[in-house]
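# A closer look at the structure
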Amino acid sequence: MHNKYPYKTFIATLSAVIGVVGSYEHVAALCSYVLILCWLYYKKYPRVQYVVTCGVMLLFFAYSEYVQHTLTSEVAKQQVITWTDRHTIRGDTVRGFVKTAGGQKLYVTYEMKSEDEKAQLQAISLAGRTFVATGELVAPRTPNDMFSFNMTVFIRSHRAQGLYEITSWHEQ
């Protein structure tokens, strides 16, 4: 049996991609949706296909906006943090991902003050431990060139809100 509308799935997927790109990158990307509408009109697709592609695009756009909003909510100077199992101690710095009491995920760094403090932290497992931390959200360094490690992309890929530099902390 011949499929009268062979590109239905492709057009719905393309609508989803346009919705996500329009949300993350630039709203002007949504203007490219007009090309899809023109294609549907040119190929004489039924009106229900217009509604479906528009719905898919709006659904993905709205979801992407929601995710971005939750990732960019306010970060307090003092946080109750719980360490995840993704952390490292290298040199005089502890780095890793934490969850806040409010459910936000942050990438944190803490510069240890002494060798004693380093020895104490290496002797225990931080995973699952809860601390009260004071610090601030800072912008990650920009990479030197396009092939360098990009901290912003790394943080975003782990769905974390940002880089939180801890100045002081104590176990709760």
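Residues numbered from 1 in each chain as written. Predicted model: local features only at pLDDT ≥ 70, side-chain atom pairs only at ≥ 80, totals over all residues. Heavy atoms only, no water.

Let us look at the packing of aromatic side chains. Going through the model one piece at a time under the given rule, you end up with 8 aromatic pairs. With a centroid separation of 5.0 Å and an interplanar angle of 65 degrees, the aromatic rings of Phe 97 and Tyr 107 are classed as edge-to-face. Placement of Phe 97 in strand E2 (residues 93–100) and of Tyr 107 in strand E3 (residues 105–111) is noted, with a sequence separation of 10 residues between them. Seen from their ring centres, Tyr 107 and Phe 154 are 5.8 Å apart, and the 90 degrees between their planes marks the pair as edge-to-face. Residue Tyr 107 is located in strand E3, and its partner Phe 154 is located in helix H5 (residues 151–157); the two are separated by 47 residues in the primary sequence. Owing to a relative accessible area of 8%, Tyr 107 belongs among the buried residues under this scheme. (Phe/Tyr/Trp six-rings, centres within 6.5 Å; stacked < 30°, edge-to-face > 60°. Helix = DSSP H or I, 4+ residues; strand = E, 2+ residues; numbered from the N terminus. Buried < 20%, exposed > 50% of the residue type's maximum accessible area, 1.4 Å probe, protein only.)

Turning to the confidence of the model for the protein chain, a few remarks are in order. On average, residues of the protein chain score 85 in pLDDT, and 93% of them reach the 70 mark or higher. The secondary structure element of the protein chain with the lowest average pLDDT is helix H1 (residues 8–24), at 79, and the one with the highest is E2, at 95. (pLDDT = per-residue confidence, 0-100.)

Summed over the entire model, instances satisfying the criterion amount to 2 salt bridges. For Glu 136, the salt bridge is made with Lys 77, and the minimal N-O distance between the two is 3.6 Å. You can see Glu 136 sitting in strand E4 (residues 130–138) and its partner Lys 77 sitting in the loop between helix H3 (47–71) and strand E1 (78–90), a full 59 residues away along the chain. The exposure class assigned to Glu 136 is partly exposed, which follows from its relative accessible area of 41%. Notably, a salt bridge pairs Glu 171 with Arg 129, separated by 2.9 Å at the nearest N-O pair. You can see Glu 171 sitting in strand E5 (residues 163–171) and its partner Arg 129 sitting in the loop between helix H4 (115–123) and E4, a full 42 residues away along the chain. Overall, Arg 129 belongs to the partly exposed group, its relative accessible area being 28%. (Salt bridge = Lys/Arg side-chain N within 4 Å of Asp/Glu carboxyl O.)

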